[in-house]
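Understanding the architecture of this molecule
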Amino acid sequence: MTGVSDDVREFVSQQYQYGFSTDLDTDVVPKGLNEDVIRLISAKKHEPDWLLEWRLRAYRYWITLEEPHWQNVHYGPIDYQDIIYYAAPKPKPELASLDEVDPELRTMFDKLGISLAEQERLSGVAVDAIVDSVSVATTFKQKLADVGVIFCSFSEAVQNHPELVRPYLGSVVPYRDNYFATLNSAVFTDGSFCFIPKGVHCPMELSTYFRINAADTGQFERTLIVAEEGADVSYLEGCTAPMRDNNQLHAAVVELVALEGARIKYSTVQNWYPGDAEGRGGIYNFVTKRGKCAGANSRISWTQVETGSAITWKYPGVILQGDNSVGEFYSVALTANHQQADTGTKMIHIGKNTHSTIVSKAISAGHGQNTYRGLVKTLRSAEGARNHTRCDSLLLGSDSGAHTFPYIEVKHPSAQVEHEASTSKISEDQLFYCRQRGISEEDAVSMIVNGFCREVFKELPMEFAVEAQRLLSVSLEGSVG
Amino acid sequence: MMLQIENLHAQIGENEILRGVNLEVAAGEVHAIMGPNGSGKSTLANVLAGHEAYDITGTVLFEGEDLLALSPEDRAAAGVFLAFQHPVEIPGVGNLYFLRTALNSVRRQRGLGELDVMGFLALARERMKLVEMDESFMSRSVNEDFSGGEKKRNEILQMTVLEPKLAILDETDSGLDIDALRIVAGGVNALRGPDRALVVITHHQRLLDYIVPDQVHVMAGGRIVRSGDKHLALELEAHGYADLGQEVASDRSASVGATP
């Protein structure tokens, strides 16, 4: 019979539809990493001395570290001296409008379905497009500037708003945080910076598309979002990358800071190249994302839909420092072929009456391995802290795996921590039911998987929810023999 | 002839459940199939709908075409509908969304245009009235946390929206109280017409007070052992299956749990 096992075989052999590369004129530094390379990166970016010093401190610390291997993922050794740490499309002078953006680049975005022209017409979405580490076009800047919101590339922020960058850089993810965050601190090239001043509700969703393009270029993004007292912002991050045979390291850092009463909603759809059916190639996505609810009554929400990358290793967390602050984590992670994901969150309760919610939906197909790893920690000061965690896993086929590692540390007796977990398979009965109603097996699988994820999708901004559903459906396309 | 079943056998592994079923159903007719537990009634329904768990021999023609060659979704598009005995839950999938997806899938296959949201809503609302379902049903997930009666009404709603040519009702009446039974029967009768046929599998004669059959068949041991008009159902109600004679008794010992 053609059942789920056929789905999985087809799933595994599905082609990555964004696998193309664009012939851009690229400005690269030599392979490898040493202090000179860091100085060169810093010099190319005309950085102030304090930032170069910070990078160098990170680098000097990094060389004393060993790569961590406690994660439930497996990969060959990474040769850090075989990576190009900086590549930028050579800038065309004076981009007065989108029409002047490199046509090759425009074509690439068109293929991805996110043409800037189209994005510009779309009301309510500002796009800071990052290609190979450097922002090439920014839209809606004026509208944002009118209300005092700063949304620009990290490099620009360093040049134009150093007084805003310096106090917050490394304040949530210090350069000594972990191996990959430390590496990022030493060599990060660009990313986004976002500052929402006191009392301002950002008038549109902020969006960034990351893309890894030049071959063998590790990408080290650094994003910093600061929401002052009472400010409110929703930030969307979406990514696809072209097909490559060699594994590409991606070690990004995202820091969020929410002051009193501020709200930050950070949504990610990640669809990087996952490797081929035999597990060759694909992105290593080793990311450190953390938010700090620094002020009372602040709220930080992470929502992620992770369908790409050969290996995903990320735990977007929230430090709940302010009293009554709220941290949320909503996650869909899909692993197919030989993809591996070890993902989850960290909720650190420090302030009184802090609340956190964790909803994790993991889908494993083919030989995919999906691990939820979550830490809920309530410190002695966290009187009245509450957490609710729900981890659901859905398995397609018999070669996939789902694993759950919840860590709970409670230091205050009034804390309430709840953990629920389930593992299920798409049942033959569900498929037959859908098919008997005329729905093809492929559509049925997609529908059931999307239903499984609905709790998370409804947390996404509308346009992203649609994209996320499409992405899951595309990932499940050709799943019927 | 809408449906022609000839010498139909079905088995799972070594376990033969259907052992030579013969049945003809013409357009416009209602056939009731009764019989003891484990006699193969649900298996027959599942085989007709295309469940892939069985090894099958024999012929089934639907409007002259080989039904057994079609996938379940193609059978649905061709106009075969099964109201399940145990409708499954599909968490997170909205009932209305599911129904619209199903309807547009069969409409596409039937060469009709897809209905847009407004057109679909109008149709769904009209049919919901038939089965006395309120709008709150539509935003809930498919069958999730539905009561037994609500699930059965939902099956009938799907049937009235999809407008099949041949509807097979697998114990749709079981577990229903008399009001729910009346509602379900109302939905079924609304679908009746000269171009449509119904096969109603039931344990109880009382459903047939509401949906009056043209023919009644008794299944036992994987075969149809007796056929008659609606009076046969009354007779069975009065005397049980024991009176059907030696054939039933011996076949019952040979038959095993028929529902997959």
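Refer to the structure above for everything that follows.
**Some words on the overall build of chain A**
In terms of regular secondary structure, chain A is built from 13 helices and 23 strands. Sorting the 481 residues of chain A into buried and exposed places 62% on the buried side. Contacts in chain A between residues at least 24 apart in sequence constitute 84% of all its contacts with a sequence separation of at least 6. Summed over its atoms, the accessible surface of chain A is roughly 17500 Å², and 48% of this surface lies on carbon and sulfur atoms.

**A few points about helix α9 (residues 230-239) of chain B**
Residue and element names in this part refer to chain B. When α9 is considered as a whole, its buried residues turn out to be Leu 232, Ala 233 and Leu 236. Projection of α9 onto a plane perpendicular to its axis shows the buried side chains occupying an angular sector of 100°, all on one side. Away from its buried face by more than 90 degrees, α9 exposes Glu 237, Ala 238 and His 239. Summarising the contacts, the buried residues of α9 are in contact with β3 (30-34), α8 (207-210), β11 (215-220) and β12 (223-228).

**Section: the packing of aromatic side chains**
Scanning the entire structure with this criterion turns up 23 aromatic pairs over all chains. A ring pair is formed by A:Phe432 and B:Phe84, whose centres lie 5.7 Å apart and whose planes are at 85°; its orientation type is edge-to-face. Here A:Phe432, found in helix α10 (residues 428-436), pairs with B:Phe84, found in the loop between β6 (80-83) and β7 (90-94), and the two come from separate chains. One aromatic cluster is present, formed by A:Tyr59, A:Trp62, A:Trp70, A:Tyr80, A:Tyr179, A:Phe180, A:Tyr284, A:Phe286, A:Trp313 and A:Tyr315 through successive ring pairs. The lysine or arginine in question, A:Arg222, covers the ring of A:Phe188, its NZ or CZ lying 5.7 Å from the ring centre. The ring of A:Tyr433 has A:Arg437 lying over it, and the distance from NZ or CZ to the ring centre is 4.9 Å.

**Focus: the sheet that holds strand β5 (residues 65-66) of chain B**
Residues and elements named next belong to chain B. The antiparallel open sheet is built from 4 strands, whose spatial order is β2-β1-β4-β5. The sheet is open, and its two borders are formed by β2 (15-25) and β5, each paired with just one other strand. By the bridge criterion, 2 bridges tie strand β4 (residues 55-62) to β5 in an arrangement that is antiparallel. Across the sheet, Phe 62 pairs through a bridge with Glu 65, a residue of β5. Against the sheet, helix α1 (residues 41-49) touches β1 (3-12), β2 and β4, its axis set at about 110° to β1.

**A closer look at the pairing of strand β13 (residues 283-293) of chain A**
Residues and elements named next belong to chain A. By the criterion of burial, β13 is predominantly enclosed, with 11 of the 11 residues buried. Two strands pair when backbone bridges link them, and strand β10 (residues 248-250) and β13 are joined in this way by 3 bridges, in the parallel orientation. Paired with His 250 across the strands is Asn 285, a residue of β13. Sheet analysis places strand β11 (residues 253-258) next to β13, joined by 6 bridges and oriented parallel. When the sheet's bridge partners are listed, Leu 256 is paired in β13 with Gly 291.

**Considering the nonpolar core**
In terms of nonpolar packing, the biggest core is built from 105 residues, with A:Ile363, B:Ile5, B:Leu44, B:Ile90, B:Phe98, B:Leu166 and B:Ile168 touching the most fellow members. When residues of this core are assigned to their parent elements, the largest contribution, 7 residues, is made by helix α7 (residues 178-191) of chain B. Apart from residues no more than four positions distant in its own chain, B:Leu44 is found in contact with B:Ile5, B:Leu8, B:Leu18, B:Val21, B:Ile33 and B:Met219. Judged by nonpolar contacts, the second largest core, of 55 residues, contains A:Leu33, A:Trp50, A:Ile78 and A:Leu169.

**Observations regarding the sheet that holds β12(B)**
Residues and elements named next belong to chain B. Reading across the sheet, the 6 strands line up as β6-β9-β10-β3-β11-β12 and stay open at both edges, with mixed pairing between neighbours. With one partner strand each, in any of the chains shown, β6 and β12 form the two edges of the open sheet. Between one strand axis and the next, the sheet turns through 20° on average, direction left out of account. Sheet topology note: the β3/β11 ladder contains 4 bridges and is parallel. Bridging across to β11, His 31 finds its partner in Gln 215.

Definitions and limits used
Residues numbered from 1 in each chain as written. Chains lettered and ligands numbered in written order. Predicted model: local features only at pLDDT ≥ 70, side-chain atom pairs only at ≥ 80, totals over all residues. Heavy atoms only, no water. Helix = DSSP H or I, 4+ residues; strand = E, 2+ residues; numbered from the N terminus. Buried < 20%, exposed > 50% of the residue type's maximum accessible area, 1.4 Å probe, protein only. Contact = heavy atoms within 4.5 Å. Areas by Shrake-Rupley, 256 points an atom, 1.4 Å probe, with all protein chains shown as cover. Arc of directions from axis to C-beta. Phe/Tyr/Trp six-rings, centres within 6.5 Å; stacked < 30°, edge-to-face > 60°. Lys NZ or Arg CZ within 6 Å of the ring centre and 35° of its normal. Pairing = 2+ DSSP bridges. Axes fitted to C-alpha atoms, helices over the stretch in contact; angles between N-to-C directions. Core = buried A, V, L, I, M, F, W, Y, C linked by side-chain atoms within 4.5 Å.

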